[in-house]
Amino acid sequence: MVENIQNLLFGFQSLFTFQNLMMTFIGGTLGIIVGAMPGIGAAAGVALLLPMTFKMDPTTAIIMLAGIYYGDMFGGAYSATLLNIPGDSSAVCTSLDGYPLAQKGKAGKALCTSNVSSFIGGTIGILFLTFCGPALAEIGLNFGPAESAALIFFAMTSIGWILGDNPLKGLIATGLGIMLATIGTDSATGQIRFAFGNYNLYSGLTFVPLIIGMFGFSQLIDMATAKKENNVSAVTKISLKESLLTKDELISILPVSIRSSLLGNFVGFLPGAGGTTAAFLAYILERNVGHRKEFLGTGEITGVAASEAANNAAAVGSFVPLLSLGIPGSSTSAVLLGGLLMWGLHPGPLLFESNPEFVWSLIASMYIGNIVCFIVGTLMIPALVSILKISGKTMIPIITVICIIGSYSCNNNSFDVLVMLISGFAAFYLEKFGFSTAPLLLAFVLAPTLELQLRLALGISQGNAMIFLTRPISCVIVILTVLMLFSPLIKNKVVRRMKKEK
């Protein structure tokens, strides 16, 4: 403990140079902008800026790129709240409560909640990285393919009935998401699945056009067909003071942010999990144990807090396996791993001993960068909320252009724009018939990872499914999954029996 504190102070000494502090500020600010722009995402943002760091000092370069990563988690909530278009997949759950809050004229409160909970999540994640990094990495190694597959399956069996108003329709939407995720080339056999001869589908459906269509474009269709102004277009100018949370609101989101941060940090240091899975699991947890769980999905700040605290903690947590073991915990950290190898640094247990200045300067920069992101994000709230004052007639063409550009920019392919349009109309009609699109998108994100981990687990056991019950961690998760599936039936029977006894 004492040694870690001394190393951290040494990291702050190395950090406090003009160049390093400037890159901390630039990285965090760029991350917020990248996160708020649908269609880019943290991985793409880091990958695009990686060539700019070739001639930089490795410490300065990684400080800027790391700032983009955790800054992206702040920014992803902004477009999710204001436009119902999550800037990153980890912000899907944020939009479930953030956008309804904006429609109620509480966009400022929603954005402030996301900033506060993101700051809490990032801080808790950094503290764990500082004092428990190598130890947590060893725990993460206990999660092999069987454990990871069981954990993702637990999430998928939960989202269907937790996020949907109707459990059956929620499960159907989850099934549709799994079906869409199977389109493209099978990663194990190389066979083309369900492409119907269209070479654009050989690599599968791209997530960004799908999410822009289902969240953003479907909302435009709803606005256009309803023939009414945007519900929040009449919002008056909101000052920063009015957006700040009250004492009671802070108290209500504090326990939510802490438990979601702990869960998100745990998921973050599991290799391959990432902030998206962390946000989903935290939202599911809040839906089960939260003191206002019945209001989630209708515009509740605790829902925003759960999602944002978890994905920020997971973003920082992904640096644990990256630095301690050389194993990327997410797609963005995989890009960062490439950068580390390019600079001649080899992540692993010896990195803390061979390059202490590099490691501890990076960790120290996260403390400062987290504060920078919080301040910049909070100061931006009044300007961001002013977007809601634009009338629906003006907003529709503007958002349409954003949807088209965001979809096209993924692969510079017009086919992605077509995917966005089709998914938008599909989501519009699904919502009309009472099917929530959130379970569909969550399943679409999780299904490929589930398939990969499941194949690896069965490969290790030579096709014996008992591997999920013979390994302690996966066995516990499987039992929890079964309880989750049957808990609604058990709850209904208990309620009926209590009524009969009365």
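Explain the pattern of salt bridges to me, using residue names and the numbers behind them.
For the coordinates displayed, the defined rule picks out seven salt bridges. Salt bridges linked by common partners bring Asp 186, Arg 193, Glu 451 and Arg 455 together as one network.

Talk me through helix α13 (residues 301–317); I want residue IDs and the actual numbers.
Here α13 spans 24 Å end to end across 17 residues, near enough to the 24 Å set by a 1.5 Å rise per residue. Across the 17 residues that make up α13, a large majority, 17, are buried.

Outline the side chain of Lys 109, listing residues and values.
Topologically, Lys 109 is positioned in helix α6 (residues 107–141). At a separation of 2.7 Å, a polar atom in the side chain of Lys 109 contacts the main-chain carbonyl oxygen of Leu 244. A distance of 3.1 Å separates the side chain of Lys 109 from the side chain of Glu 249, its partner in a polar contact. Contacts of Lys 109, omitting those with residues within four sequence positions, involve Glu 242, Ser 243, Leu 244, Leu 245, Thr 246 and Glu 249.

Summarise unusual backbone geometry; cite the residues concerned and give the values.
In this structure, Phe 194 takes a positive phi of about 55° despite not being glycine. Checked against the element boundaries, Phe 194 lands in the loop between β2 (192–193) and α9 (207–226). Of note in the backbone geometry, Gln 462 takes a positive phi value of approximately 60° without being a glycine. Position of Gln 462 among the secondary structure elements: in the loop between α21 (437–460) and α22 (467–470). For Gln 462, a relative accessible area of 76% translates into the label exposed.

Tell me what's going on with the packing of helix α5 (residues 92–103) against α13, and back it up with residues and numbers.
Following both chains from N to C, one finds α5 and α13 inclined at 150°, their axes separated by 8 Å at the closest point. Viewed along their axes, α5 and α13 form a crossing whose handedness is left-handed. Across from Cys 93, Thr 94, Asp 97, Gly 98 and Leu 101 in α5, the residues of α13 making contact are Ile 301, Gly 303, Val 304, Ser 307 and Glu 308. Looking at side-chain class alone, the contact of α5 with α13 contains four nonpolar, four polar and two charged residues.

Cut-off values and rules
Residues numbered from 1 in each chain as written. Predicted model: local features only at pLDDT ≥ 70, side-chain atom pairs only at ≥ 80, totals over all residues. Heavy atoms only, no water. Salt bridge = Lys/Arg side-chain N within 4 Å of Asp/Glu carboxyl O. Helix = DSSP H or I, 4+ residues; strand = E, 2+ residues; numbered from the N terminus. Expected span 1.5 Å × (residues − 1). Buried < 20%, exposed > 50% of the residue type's maximum accessible area, 1.4 Å probe, protein only. Polar contact = N/O pair within 3.5 Å; in protein donor to acceptor, adjacent residues only side chain to side chain. Contact = heavy atoms within 4.5 Å. Axes fitted to C-alpha atoms, helices over the stretch in contact; angles between N-to-C directions. Left-handed = near helix turned anticlockwise from the far one by under 90°. Nonpolar A, V, L, I, M, F, W, Y, C, P; charged D, E, K, R; others polar.

By themselves, these observations are geometric and do not establish any function.
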